[in-house]
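Okay, here's what each chain looks like letter by letter:
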Amino acid sequence: MEEDVQAVVSALTIGEKSELTPELKAVYSAAGASHVLALSGLHVGIFSCILLWLFYPLTYLKHGRKMLALLVVCLLWGFAFISGLSSSVVRAVVMYSLYTLASFCLEERFSGMHSLVLAAFLMLVYNPFFLFDISFQLSFAAVFSILAFYPLFSRSLCINNAHRSGRQDRHSAAGHH
């Protein structure tokens, strides 16, 4: 049992799946949870948050913010290499790197859609065969969908919350008179 736990932890943290037994892979597959064992942008996001928190004291130094950003980007690229440069991890690290670079070079906010398109372009320049990789396609399709539909959903959630709070204010105001 302990070997299975180590194999799952290894798959979840660095993407190393060679230690997973066929039986364990079958269990995850039968449960429809095989994707849980794949590294993704979520892992990169969690790792970047941990790194930012861990090295936050650097921001107290002169040029500390830039040092922190450079350190986190370098460590994320190290993680990408250690985990085998899967397309979803590379996409996330490229997008993070672009956001970081843009935060120092641009006055205005850097668009997530621009970052996504530029990441796809850079990855395809590096390896045009990524275009035929299902992980590449699904990763970009998922992030594109999030970026495209987030504004629509966030507006509807704000409207619903504002509507609810408006009703509560009227009811509470009516009760106080």
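Figured I'd write up the structure that's included with this text. Just so it is clear, the structure is predicted and the values come from calculations on it, not from any experiment.

What about the overall build of the protein chain?
Looking only at helices and strands, the protein chain has seven helices and zero strands in total. For the protein chain, with 177 residues in total, the buried portion stands at 27%. Considering only contacts within the protein chain whose residues lie at least 6 apart along the sequence, 52% involve residues at least 24 apart. When the accessible surface of the protein chain is summed, it comes to about 12,300 Å², and 69% of that surface belongs to carbon and sulfur atoms.

Focus: the packing of helix α5 (residues 87-105) against helix α6 (residues 112-126)
Contact geometry of α5 with α6 gives a least axis separation of 9 Å together with a crossing angle of 125°. Between α5 and α6, the angle is such that the two are oblique. Handedness of the α5/α6 crossing: right-handed. On α6, the residues touching S87, V90, R91, V94, M95, L98 and Y99 of α5 are G112, S115, L116, L118, A119, L122 and M123. Taken together, the residues of the contact of α5 with α6 sort by class into ten nonpolar, three polar and one charged.

Examining the environment of F136
Turning to its location among the elements, F136 is positioned in helix α7 (residues 134-176). The contact partners of F136, leaving out residues within four places of it in the chain, are S87, A120, M123, L124, F130 and L131.

Regarding a nonpolar patch on the surface
A contiguous nonpolar surface patch, about 360 Å² in accessible area, is contributed by L118, F121, L122 and V125. Its location among the elements puts V125 in helix α6. What makes V125 exposed here is its relative accessible area of 55%.

Overview of the environment of V36
Mapped onto the fold, V36 is located in the loop between α2 (22-30) and α3 (41-54). Of the residues examined, V36 reaches a relative accessible area of 38% and is grouped as partly exposed. Remark: the alpha-carbon pair of V36 and L12, spanning 24 residues in sequence, is separated by 7.7 Å.

Some remarks on the packing of aromatic side chains
Any aromatic ring pair is given by two values, namely how distant the centres are and how the planes are angled relative to each other. Scanning the model with the defined rule gives four aromatic pairs in all. Seen in terms of ring centroids, F47 and F79 are 5.2 Å apart; in terms of plane orientation they differ by 45°. Their pairing is tilted. You can see F47 sitting in helix α3 and its partner F79 sitting in helix α4 (residues 64-82), a full 32 residues away along the chain. On the basis of relative accessible area, F47 is assigned to the partly exposed category, the value being 26%. An aromatic cluster is present here, built from F130, F136 and F140 joined pairwise through their rings.

Thoughts on the packing of α4 against α5
α5 packs onto α4 with a crossing angle of 165° between their chain directions and a minimal axis gap of 10 Å. Between α4 and α5, the interaxial angle falls into the category roughly antiparallel. For the crossing formed where α4 meets α5, the hand is left-handed. From α4, R65, K66, A69, V72, V73, L76, W77, F79 and A80 reach across to α5, where they touch V89, V90, V93, V94, Y96, S97, T100, S103 and F104. In the contact of α4 with α5, the residues fall into 13 nonpolar, three polar and two charged.

Remarks on α4
Along its 19 residues, α4 runs 26 Å from first to last C-alpha, staying within 8% of the 27 Å computed at 1.5 Å per residue. Buried within α4 we find G64, L68, A69, V72, V73, L76, F79 and A80. Projected down its long axis, α4 shows its buried positions confined to an angular sector of 170°, all on one face. Exposed positions of α4 whose direction lies more than 90 degrees from the buried face are K66, L70, F81 and I82. In the stretch just after α4, G84 is the one whose phi turns positive, near 100°.

Thresholds, definitions, all that
- Residues numbered from 1 in each chain as written.
- Predicted model: local features only at pLDDT ≥ 70, side-chain atom pairs only at ≥ 80, totals over all residues.
- Heavy atoms only, no water.
- Helix = DSSP H or I, 4+ residues; strand = E, 2+ residues; numbered from the N terminus.
- Buried < 20%, exposed > 50% of the residue type's maximum accessible area, 1.4 Å probe, protein only.
- Contact = heavy atoms within 4.5 Å.
- Areas by Shrake-Rupley, 256 points an atom, 1.4 Å probe, with all protein chains shown as cover.
- Axes fitted to C-alpha atoms, helices over the stretch in contact; angles between N-to-C directions.
- Parallel < 35°, antiparallel > 145°, perpendicular 65-115°, else oblique.
- Left-handed = near helix turned anticlockwise from the far one by under 90°.
- Nonpolar A, V, L, I, M, F, W, Y, C, P; charged D, E, K, R; others polar.
- Patch = residues over 30% accessible without salt bridge, like charges linked within 9 Å, V, L, I, M, F, W, Y side chains within 5 Å.
- Salt bridge = Lys/Arg side-chain N within 4 Å of Asp/Glu carboxyl O.
- Phe/Tyr/Trp six-rings, centres within 6.5 Å; stacked < 30°, edge-to-face > 60°.
- Expected span 1.5 Å × (residues − 1).
- Arc of directions from axis to C-beta.

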